[in-house]
Amino acid sequence: QVQLVESGGGLVQPGGSLRLSCAASGSISSINDMGWYRQAPGNQRELVATVTSDGSTNYAESVKGRFTISRDNAKNTVYLQMNSLKPEDTAVYYCNARIQRFGYIRYSGYWGQGTQVTVSS
């Protein structure tokens, strides 16, 4: 009854930019932290960036200064602006959110289906 839908992935040349979006929908009472993770072939899923409900952000060292995470609480949407992309940024990018559903007290983690980002010339 909660769904996260990502968009914005694709193929881009090194040095280029992409903007990912992730919209949460369904029976949502409140959203706590939202974030982006990525998984390259043969690697474990790793944190890229997170943002709290009041806008505090956290980034992986590998993307600091290049990626910017933001959110629109009115739209239940989180964004990831990716600039100066490198081939090593190639991965499937997943959205994550901690969501409180209507009628529930605790927050649970939800994942999107993933969107492919390929950085190649």
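Residues numbered from 1 in each chain as written. Predicted model: local features only at pLDDT ≥ 70, side-chain atom pairs only at ≥ 80, totals over all residues. Heavy atoms only, no water.

Colleague: Mind showing me how you'd approach the pairing of strand β10 (residues 108-111) here?
Modeller: Across a regular strand the side chains alternate sides, sitting on one face of the sheet and then on the other. Pairing geometry for strand β9 (residues 91-101) and β10, over four bridges, is antiparallel. When the sheet's bridge partners are listed, Arg98 is paired in β10 with Gly109. Between β9 and β10, which follow one another and run antiparallel, lie six residues, and Gly103 among them has a positive phi close to 90 degrees. (Pairing = 2+ DSSP bridges. Helix = DSSP H or I, 4+ residues; strand = E, 2+ residues; numbered from the N terminus.)

Colleague: For this particular structure, what's the right way to read the side chain of Thr50?
Modeller: Examined against the element boundaries, Thr50 turns out to sit in strand β5 (residues 46-51). Among all residues touching Thr50, those that are not within four sequence positions of it are Met34, Gly35, Tyr37, Ser56, Thr57, Asn58 and Ile69. (Contact = heavy atoms within 4.5 Å.)

Colleague: Could you clarify how one ought to interpret the nonpolar core in this entry?
Modeller: Within the largest apolar cluster, 31 residues are counted, with the highest numbers of intra-cluster contacts made by Trp36, Leu80, Met82, Tyr93 and Ile99. Those elements that place two or more of their residues in this core are β1 (2-7), β3 (18-26), β4 (28-39), β5, β7 (67-72), β8 (77-82), β9 and β11 (115-119). (Core = buried A, V, L, I, M, F, W, Y, C linked by side-chain atoms within 4.5 Å. Buried < 20%, exposed > 50% of the residue type's maximum accessible area, 1.4 Å probe, protein only.)

Colleague: Can you help me understand the packing of aromatic side chains in this one?
Modeller: Each aromatic ring pair is characterised by the separation of its centres together with the angle its planes make. For the structure shown, the criterion picks out one aromatic pair. Between Tyr37 and Trp111 the ring centres are 5.1 Å apart and the planes differ by 70 degrees, which places this aromatic pair in the edge-to-face class. Of this pair, Tyr37 sits in strand β4 while Trp111 sits in strand β10, placing them 74 residues apart in sequence. Classification of Trp111 as partly exposed rests on a relative accessible area of 41%. One residue, Arg19, lies across the ring of Tyr79, its end atom 4.1 Å from the ring centre. Here Arg45 stacks its cationic end above the ring of Trp111, 4.6 Å away from the centre of that ring. (Phe/Tyr/Trp six-rings, centres within 6.5 Å; stacked < 30°, edge-to-face > 60°. Lys NZ or Arg CZ within 6 Å of the ring centre and 35° of its normal.)

Colleague: Quick question: what am I supposed to make of the sheet that holds β7 here?
Modeller: Through backbone hydrogen bonds, the strands of a sheet pair up, either in parallel or in antiparallel fashion. On the basis of which strands lie adjacent, the open sheet formed by four strands has the order β1-β3-β8-β7 and antiparallel pairing. In this open sheet, the two strands that pair with only one neighbour each are β1 and β7. Ignoring which end each strand starts from, the neighbouring axes of this sheet average 15 degrees apart. With six bridges connecting them, β3 and β8 associate as antiparallel partners. What sits directly across from Cys22, in β8, is Val78. (Axes fitted to C-alpha atoms, helices over the stretch in contact; angles between N-to-C directions.)

Colleague: Looking at this structure, how should I read unusual backbone geometry?
Modeller: For residues that are not glycine, phi is negative in most cases, and the peptide bond is trans in most cases. In this model, Asn76 sits at a positive phi of 50 degrees, which is unusual for a non-glycine residue. On the secondary structure map, Asn76 appears in the loop between β7 and β8. Residue classification places Asn76 among the partly exposed positions, given a relative accessible area of 24%. The phi dihedral of Ser84 is positive, around 50 degrees, even though this residue is not glycine. Tracing the backbone shows Ser84 in the loop between β8 and β9. Here Ser84 falls in the partly exposed class, since its relative accessible area comes to 41%.

Colleague: What's the story with the state of the cysteines in this structure? I'm lost.
Modeller: By definition, a disulfide links the sulfur atoms of two cysteines through a covalent bond. Enumeration according to the criterion identifies one disulfide in this entry. At a sulfur-sulfur separation of 2.1 Å, the disulfide partner of Cys22 is Cys95. Taking the torsion about the sulfur-sulfur bond, which here is approximately -80 degrees, the covalent link between Cys22 and Cys95 counts as left-handed. Of this pair, Cys22 sits in strand β3 while Cys95 sits in strand β9; the two residues are 73 residues apart in sequence, bridging distant segments of the chain. (Disulfide = S-S within 2.5 Å.)

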